[in-house]
Number of protein chains: 2
Amino acid sequence: MKKLYKKVLKQITPTKKEKNLEKKIFKEIEEKIMKIKGRHSCVNWCGSSARDTHLRNDRDLDLFIMFDTELSEKELEKKGLKIGKMVFKGQKWEKAYSQHPYIRGIYKGFDVEIVPSYKVNSGTEIKSAVDRTPFHNKYILNKIKEKQKQEVRLLKQFMKGIDAYGADLKNCSMPGYALELLIIHYETFENAIKEISKWNKGKIILFENAKEKHAEQFKGAPLIIIDPVDAHRNVASALSNEQFQRLVYAAKRFLGNPNEKFFFKEKTKKLTKKELKNELEKRELIAIKSIFPKKILPDLFWGQLRRFLKKSETHLKEHDFIVERSHLWSDEKEIVFIFTLREKNLQKIKTITGPHATDKENSKKFLDKKRKIVAGPYIKDGRITIDIERKETQSKKVLENFLKKMQKQEKEALQIFCKKAKVLDEKEIIKHYKGEFAEYLTRYIKGKEIFE
Amino acid sequence: MKKLYKKVLKQITPTKKEKNLEKKIFKEIEEKIMKIKGRHSCVNWCGSSARDTHLRNDRDLDLFIMFDTELSEKELEKKGLKIGKMVFKGQKWEKAYSQHPYIRGIYKGFDVEIVPSYKVNSGTEIKSAVDRTPFHNKYILNKIKEKQKQEVRLLKQFMKGIDAYGADLKNCSMPGYALELLIIHYETFENAIKEISKWNKGKIILFENAKEKHAEQFKGAPLIIIDPVDAHRNVASALSNEQFQRLVYAAKRFLGNPNEKFFFKEKTKKLTKKELKNELEKRELIAIKSIFPKKILPDLFWGQLRRFLKKSETHLKEHDFIVERSHLWSDEKEIVFIFTLREKNLQKIKTITGPHATDKENSKKFLDKKRKIVAGPYIKDGRITIDIERKETQSKKVLENFLKKMQKQEKEALQIFCKKAKVLDEKEIIKHYKGEFAEYLTRYIKGKEIFE
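Below, the structure is looked at part by part. (Residues numbered from 1 in each chain as written. Chains lettered and ligands numbered in written order. Predicted model: local features only at pLDDT ≥ 70, side-chain atom pairs only at ≥ 80, totals over all residues. Heavy atoms only, no water.)

With that out of the way, let us pick up the pairing of strand 4 (residues 101–107) of chain A. Residue and element names in this part refer to chain A. When you tally the buried positions in strand 4, you get five out of seven residues, the bulk of the element. As judged from the five bridges shared by strand 3 (residues 93–97) and strand 4, these two strands associate in the antiparallel manner. When the sheet's bridge partners are listed, A96 is paired in strand 4 with Y102. Here strand 3 hands over to strand 4 after three residues, the two strands then running antiparallel side by side. (Buried < 20%, exposed > 50% of the residue type's maximum accessible area, 1.4 Å probe, protein only. Helix = DSSP H or I, 4+ residues; strand = E, 2+ residues; numbered from the N terminus. Pairing = 2+ DSSP bridges.)

This part takes up the pattern of salt bridges. By the definition in use, this model includes 58 salt bridges over all chains. A salt bridge links A:E439 to A:K267, with the shortest nitrogen-to-oxygen separation between them at 3.2 Å. In this pair, A:E439 is assigned in helix 17 (residues 435–446) and A:K267 in the loop between helix 10 (241–256) and helix 11 (273–280), connecting sequence segments 172 residues apart. When its relative accessible area of 16% is taken as the criterion, A:E439 is described as buried. Its relative accessible area of 71% is what places A:K267 among the exposed residues. Beyond isolated ion pairs, a larger network of salt bridges with shared partners links A:E279, A:K282, A:R283 and B:E389. (Salt bridge = Lys/Arg side-chain N within 4 Å of Asp/Glu carboxyl O.)

On to the interface of chain A and chain B. Counting from both sides, the interface comprises 54 residues of chain A and, opposite them, 54 residues of chain B. Taking both partners together, chain A and chain B bury about 4400 Å²; carbon and sulfur atoms supply 44% of that area. Ranking the residues of chain A by area buried against chain B places A:K282, A:R342 and A:Q347 at the top, with a combined share of 15%. Scanning the region where chain A abuts chain B turns up four salt bridges. Linking B:E389 and A:K282 is a salt bridge whose minimum nitrogen-to-oxygen distance equals 2.9 Å. For the side of chain A that touches chain B, the secondary-structure elements that each account for two or more residues are helix 10, strand 10 (323–330), strand 12 (349–356), helix 13 (360–368), strand 13 (373–380), strand 14 (383–389) and helix 17 of chain A. Of all the elements, helix 10 of chain A adds the most residues to the side of chain A that touches chain B, at eight residues. By residue class, the composition of the side of chain A that touches chain B is 17 nonpolar, 11 polar and 26 charged. (Contact = heavy atoms within 4.5 Å. Buried area = accessible area lost by both parts, 1.4 Å probe. Nonpolar A, V, L, I, M, F, W, Y, C, P; charged D, E, K, R; others polar.)

Here's what the structure looks like:
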């Protein structure tokens, strides 16, 4: 196994040249900022590059400008943004939002974030979420052993390989900080994977200051890692149950067959159009295609999209369709919802089973409902039963009507989504089969986890 | 309401002429039997005609020859049958079976049963089920008031009208003796219907000697009427839950709209073939047609048929079909099983959801099963999931294979049933649409209870 790890590490450890360049650039920017007059006392290099746990070619630099706590939030924002813009003078930059606005830009090939932050004394005194980051930095640097940095890199690459890396709503997965904590907790990559493979839903991981009772506030979460910097925070809060189960499953599969595939995704061999056609004949697929609206924070929209997918599925179920699977794909330009249905179209007549005939009160209620009964009431298995006609029997129509209705009810980005949406039947799915979507659809149909 | 009852009674009360004829025939047969030498002491006229609670044109006479208890069962049978045959000399007769064999024949237009029976002193001393009948006779004659006999007739006709009369397995309903007991218990027809409409599943009716604890042995039965002659018997044991619910429902509907329809079935107006075709387009129907084997006691076979219908339904369900309704029709010549399915044919691919990915033991078991996996394993809603191909997707083929298999496994009458069976698709159902079956199918499709 050691051989495998060496091979992987060789590909993912940043080179010395890379690291020196990072340092040089940090110094450059720090100097620039400190030359500017204002209420800031220093620049804090945070994030994984600062902690030497980053992956090769990450090219991310997170810099925190530390301001006096007596500054108002408004002033902090104003002054912080001004400094940020000055750093990127002549370069490409944009205003981004976390809890505060901050400036993000490209500086000599690096993605640099300049975040204004309050200089507080401990993690529990923080004024906003961004102020916590410098404490994370300190905690990790304090606790991590030199040789464990490579273990973190292995774990990060593993998570990347199985698509479980990143705390944003697109991935619903594990942030880098959580992975560093896991290595501190479990010591090595191999041990971490062994332990992960044994996790059960509701797994709790605590550090020195935290106690079991701190976990209570996160009841229901699949994984709870109490932030050693702030016990009111679950570092793994973005992790969905789905991703949690995938992660445990992947760890188990890795132990059974340790393999480079788990670290580096293999390219999916796309089905040919003919193969796709053949596969579609065996199942009932239907899709909604739309565009990813511009001028919206992708992270925010991913959450909305996920909820809207569930809503579409619920709508299909309310119209008696049996949804065997559903999924969401997007390259942040195009969006596709895909549904596997038990059947494309339903029969016109639907049987509704009511209460037992001896249950007078509920029988009356059941029969008093306004419905056009086309057969019955009759007694089936002792229950009052009626047949009614469905208004709509075609899944395509049901989804089209749903999108029309939602276009009026939803707001902003989802409204655009609904307006631009088109329901694709199998013929249209085949027409649309190309590029990254084709790769995704192949994976959906083959139903293979990327690491298998 | 009184007017309605009078009108009904006018049609169902036997005429004086009819009653005199019954008496005359009894006397004739009694004389014949008593002239024959043997260990019998008397002839007992039993059944509803003896109790004057029978319906017009029943033309049933049940006669019990009472033998000494010291006779062996073998001798009782031998002597009893001999006497029976002598009564019908020159007429049409047959050997029939209850607990003992007995002779049944046509005598001057009447269905006469000559049953050999032991003369015991009380209902609890009886040697076999038939010996109980004379005690039923005594009990009813003792308890019933003269004017209540008409109330019994109304209740019998009501049960007949809603198809809930008869204790045999064809009807799964109420024997005449139970209805007489109900009138003794509830006094009048109207009161009985009012009380029936309030019944709940597990209703218990007790007479003077019986106690609640006697009902315990029948736990689970929808209706328990402890036989006042023998506390170990539930007089309503044949009543199915289905029929119980129909009965309560009918009583409730009758109270809301007292009407002759409840006593005398109206003829169903058959759908035309064109209407039928139109209705079949809105649903998915499939049927099994076969013949009612000769040389089998119909009562016994009805029970087997009912179980075989359930078995067929289970088989469809095991092959993933959703059976919305199923029913059995027979005129005791032809038999039809009819099924309403959610869909006629299924998709080739089937999704099977396994345990949570974190449940190691069961995940392993799930994946170790021998199955040809065509997609997956993948994680869906946190669960291990696989897709497999179905061997058979057509409901018609599934039923045909089932009948072939059952032909080898079942015995006697059901084997004949399977051998002669044919699965009918909708086209073939339309071809077969005629006579009594057409009337039945119309009722099935319209889903109307006969009293509505």
